[in-house]
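Residues per chain, in single letters:
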Amino acid sequence: MFSKKMVLIVGVLILITVNVILLSFSSKSQSTFGLGRVGLSLVSPFQELVTRSIRFARDIWEHYFFLVTVAHENENLKKSLNQFVGESNQWHEIDMANSRLRNLLNFQKAPTHKVVAAEVIGKDPSGWFKTIIIDKGKSDGLKKGLAVVLPTGIVGQVIEAAGHYSKVMLVIDRNSAVDAMVQRSRARGIIKGESADQCRFEFVLRKHDVQIDDTVIASGLDGVYPKGLRIGRVADISQRNADIFYEITVAPFVDYEKLEEVLVILPPQAQDVASQP
Amino acid sequence: MRYGFYIGICLFLLIIQTTIFPYIPGMRGMYDMLIPFVIFISICLPIRESLPFALALGLIMDNLSGGPFGLYLTFYFWLFMGVRFTIKFLRVSNKFFLSVVVIVAVLVENMLMIATSVFFGPVRQLPVNAFLVVTQQFLWVLATGPIFLLSLLALAKRLNIQWDGAAPPPNAYG
């Protein structure tokens, strides 16, 4: 009834349709059908070995053969340190005042977060997605959705955790979104990645005050990133006449090309309510 | 010997793509170097060995990448089928043909990535770095893709890897 060629064509069309549906489903639901950790567990030990070997060789070069620049750097760091000691003292005073005032108002204490330090052992093989592989996994308490940070700012969040390795989606990935606000004016919006070195700061109403070089921080409302973590600085602002939102470009504080170590924030432990006198 | 050769090359390519190239400024725009390898196994191995191998590679790449799960699996599967279908009609010993296949495959993979980002991503617009990424990968594959594929074929021949009645005989690659 049907020729062999016809059956082949229909078979291929069905296969393509099923393929597109599955791809659509996996991208919407971020599902890996239970297979998401196989490759991580198989390849990551080799990635770790190669990364550690390269870093070991580079450390030897930098620590023993490259000491002239280190002397200059040391002088500059000492100058910076003096400046930061003064600033640190000032912040300490403000912190103490803040604690006293919080106690007076009977506020809950800010949650203290445990962090796990992890090493970056691999990066996304394509130029289209921005993810990294780190050398900590479920055995270290990591799970999907945990925030990954650096002292300089937010790095991303864990999207897959295997036994000893995890995959982290960076803030600059197109699929990333962080609820954020401008530190100075508290104007809120969403930081979205662009798969480039910069992010967009969307849904910030034009009635709010936003200026170039303003610092953007996490608002804490997305339930992933703790409030107050730094994200980046406002690099560009444009306003379209008909639009009620700003078009803001944010330059992240973290240099994603040079990531080597990161900190993963573990879920907060049970907090005691601060109602002490 | 043969499986060791394939697994060794795969592992080598996976490792340099994820741990070495991303840290070398000029090589961040490198194309997916497993594409020439998938073409290589599609041409040289019988389907019962090469198809599971191509699918396993797709699965591993999906695990290592941040894209939707199944993206690499899809691409490697169709690349495999496409190459198997094409070699029924065209001479594989033609070096120009092999070069064109590698370049076209890299471009098609990029188109698939863009289509996935646009249609299945959170925003229905072209990634801002799309032109840059495609251009970089195109230039890299133009410069090294055909050489890499032909080197793989020559290396396999030199190591006297046994061929199991796949499409062309080993002496077809000159």
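Here, the structure is the one placed above.
Residues numbered from 1 in each chain as written. Chains lettered and ligands numbered in written order. Predicted model: local features only at pLDDT ≥ 70, side-chain atom pairs only at ≥ 80, totals over all residues. Heavy atoms only, no water.

Draft legend 1. Spatial organisation of the sheet that holds strand S12 (residues 261-265) of chain A. Residue and element names in this part refer to chain A. Taken in spatial order, the 6 strands line up as S1-S2-S5-S4-S3-S12 and close into a barrel, and their pairing is antiparallel. When the angles between neighbouring strand axes are averaged without regard to direction, this sheet yields 45 degrees. Pairing analysis gives 5 bridges linking strand S1 (residues 115-123) to S12, with the strands arranged antiparallel. Counted as the bridge partner of Val115 is Ile265 from S12. (Pairing = 2+ DSSP bridges. Helix = DSSP H or I, 4+ residues; strand = E, 2+ residues; numbered from the N terminus. Axes fitted to C-alpha atoms, helices over the stretch in contact; angles between N-to-C directions.)

Draft legend 2. The packing of aromatic side chains, seen in detail. Across all of its chains, the model carries 10 aromatic pairs over all chains by this definition. Aromatic pair Tyr6 of chain B and Phe40 of chain B: ring centres 6.4 Å apart, planes at 65 degrees, arrangement edge-to-face. Taken together, the residues span a long stretch of sequence, with Tyr6 of chain B in helix H1 (residues 2-20) and Phe40 of chain B in helix H2 (residues 34-44) at a distance of 34 residues. This pair shows no difference in class: Tyr6 of chain B is buried, exactly as Phe40 of chain B is. Cluster of aromatic residues (ring-pair linked, three or more members): Phe5, Tyr6, Phe37, Phe40 and Phe53 of chain B. The ring of Tyr23 of chain B carries the charged tip of Lys123 of chain A above its face, separated from the ring centre by 4.7 Å. (Phe/Tyr/Trp six-rings, centres within 6.5 Å; stacked < 30°, edge-to-face > 60°. Buried < 20%, exposed > 50% of the residue type's maximum accessible area, 1.4 Å probe, protein only. Lys NZ or Arg CZ within 6 Å of the ring centre and 35° of its normal.)

Draft legend 3. A look at the nonpolar core. Phe37, Ile39, Phe40 and Tyr76 of chain B are the most contacted members of the largest nonpolar core, which has 66 residues in total. Ranked by the residues each element gives to this core, the list is headed by helix H5 (residues 95-120) of chain B, at 11 residues. (Core = buried A, V, L, I, M, F, W, Y, C linked by side-chain atoms within 4.5 Å.)

Draft legend 4. Just the side chain of Gln47 of chain A, in detail. Relative to the helices and strands, Gln47 of chain A is located in helix H2 (residues 38-64). Among all residues touching Gln47 of chain A, those that are not within four sequence positions of it are Ile121, Gly122 and Ile133 of chain A together with Ile15, Thr18, Thr19 and Leu64 of chain B. (Contact = heavy atoms within 4.5 Å.)

Draft legend 5. The arrangement of unusual backbone geometry in detail. Its identity is not glycine, yet Arg186 of chain A carries a phi of approximately 65 degrees, on the positive side. Counting through the fold element by element, Arg186 of chain A comes out in the loop between strand S6 (177-182) and strand S7 (188-193).

Draft legend 6. Structural context of the pattern of salt bridges. Residues and elements named next belong to chain A. In this structure the tally under the stated criterion is 16 salt bridges over all chains. A salt bridge links Glu119 to Arg55, with the nearest nitrogen and oxygen atoms 2.8 Å apart. One end of the pair, Glu119, is in strand S1; the other, Arg55, is in helix H2, and 64 residues separate them in sequence. Of the two residues examined, Glu119 and Arg55, each falls in the buried class. Among the charged side chains, a salt-bridge network with shared partners connects Glu48, Arg52, Arg55, Arg58, Asp59, Glu119, Asp135, Lys136 and Glu260. (Salt bridge = Lys/Arg side-chain N within 4 Å of Asp/Glu carboxyl O.)

Draft legend 7. Structural view of the sheet that holds strand S11 (residues 247-252) of chain A. Residue and element names in this part refer to chain A. With respect to topology, 6 strands assemble into a closed barrel ordered S6-S7-S8-S11-S10-S9, the strand pairing being antiparallel. Looking at each pair of strands side by side, their axes are set apart by 40 degrees on average, direction ignored. Examined bridge by bridge, strand S10 (residues 230-238) and S11 share 6 bridges and lie antiparallel to one another. The residue of S11 that forms the bridge with Ser238 is Glu247.

Draft legend 8. Structural view of helix H4 (residues 71-86) of chain B. With 16 residues, H4 of chain B extends 22 Å from end C-alpha to end C-alpha; this agrees with the ideal 22 Å at 1.5 Å per step. In this structure, the buried residues of H4 of chain B make contact with helix H1 (4-29) of chain A together with H2, helix H3 (47-64) and H5 of chain B. (Expected span 1.5 Å × (residues − 1).)

Draft legend 9. The arrangement of the pairing of S11 of chain A in detail. Residues and elements named next belong to chain A. Burial analysis of S11 places 5 of its 6 residues in the buried class, which makes it a mostly covered element. Pairing of strand S8 (residues 199-202) with S11, which is carried by 3 bridges, proceeds in the antiparallel orientation. Across the sheet, the residue bridging to Arg200 is Thr249, located in S11.

Draft legend 10. Quick look at the packing of H1 of chain B against helix H6 (residues 130-158) of chain B. All names here are of chain B. Closest axis-to-axis distance for the H1/H6 pair is 12 Å, and the angle between their directions is 150 degrees. As the angle between them shows, H1 and H6 are arranged roughly antiparallel. Relative to H6, the crossing made by H1 is right-handed. Across from Phe5, Ile9 and Leu13 in H1, the residues of H6 making contact are Phe148, Leu152, Leu155 and Ala156. Looking at the contact of H1 with H6, its residues break down into 7 nonpolar, no polar and no charged. (Parallel < 35°, antiparallel > 145°, perpendicular 65-115°, else oblique. Left-handed = near helix turned anticlockwise from the far one by under 90°. Nonpolar A, V, L, I, M, F, W, Y, C, P; charged D, E, K, R; others polar.)

Draft legend 11. Expanded view of the interface of chain B and chain A. Opposite the 46 residues of chain B that make contact, chain A presents 47 residues. Of the roughly 4000 Å² buried where chain B meets chain A, counting both sides, 65% is carbon and sulfur surface. Our count for the contact surface shared by chain B and chain A stands at 1 salt bridge. Linking chain B with chain A are 12 residue pairs in polar contact (both at pLDDT 80 or more). Elements with a contribution of two residues or more to the side of chain B that touches chain A: H1, H3, H4, H5 and H6 of chain B. When its residues are assigned to classes, the side of chain B that touches chain A shows 29 nonpolar, 15 polar and 2 charged. (Buried area = accessible area lost by both parts, 1.4 Å probe. Polar contact = N/O pair within 3.5 Å; in protein donor to acceptor, adjacent residues only side chain to side chain.)

Draft legend 12. Structural view of the side chain of Lys167 of chain A. Inspection of the secondary structure puts Lys167 of chain A in strand S5 (residues 166-170). Comment: no salt bridge for buried Lys167 of chain A; closest opposite-charge side chain is Glu160 of chain A, at 5.3 Å. A polar contact of 3.4 Å, which involves the side chain of Lys167 of chain A, links it to the backbone oxygen of Asp62 of chain B. Leave out the neighbours within four places in its chain, and Lys167 of chain A touches Leu40, Thr131, Ile132, Ile133, Gln157, Val158, Ile159 and Glu160 of chain A together with Asp62, Asn63, Leu64 and Ser65 of chain B. (Lys, Arg positive; Asp, Glu negative; His and termini not counted.)

Draft legend 13. Spatial organisation of the packing of H2 of chain B against H4 of chain B. All names here are of chain B. Put simply, H2 and H4 touch, their axes get as near as 9 Å, and they point 45 degrees apart. Regarding the angle of H2 to H4, the classification is oblique. Note on packing geometry: the crossing formed by H2 with H4 is right-handed. Here H2 contributes Leu34, Ile35, Val38, Ile39, Ser42 and Ile43 to the contact with H4, which in turn contributes Phe75, Tyr76, Leu79, Phe80, Val83 and Arg84. Taken together, the residues of the contact of H2 with H4 sort by class into 10 nonpolar, 1 polar and 1 charged.

Coordinates in, geometry out; function isn't part of it.
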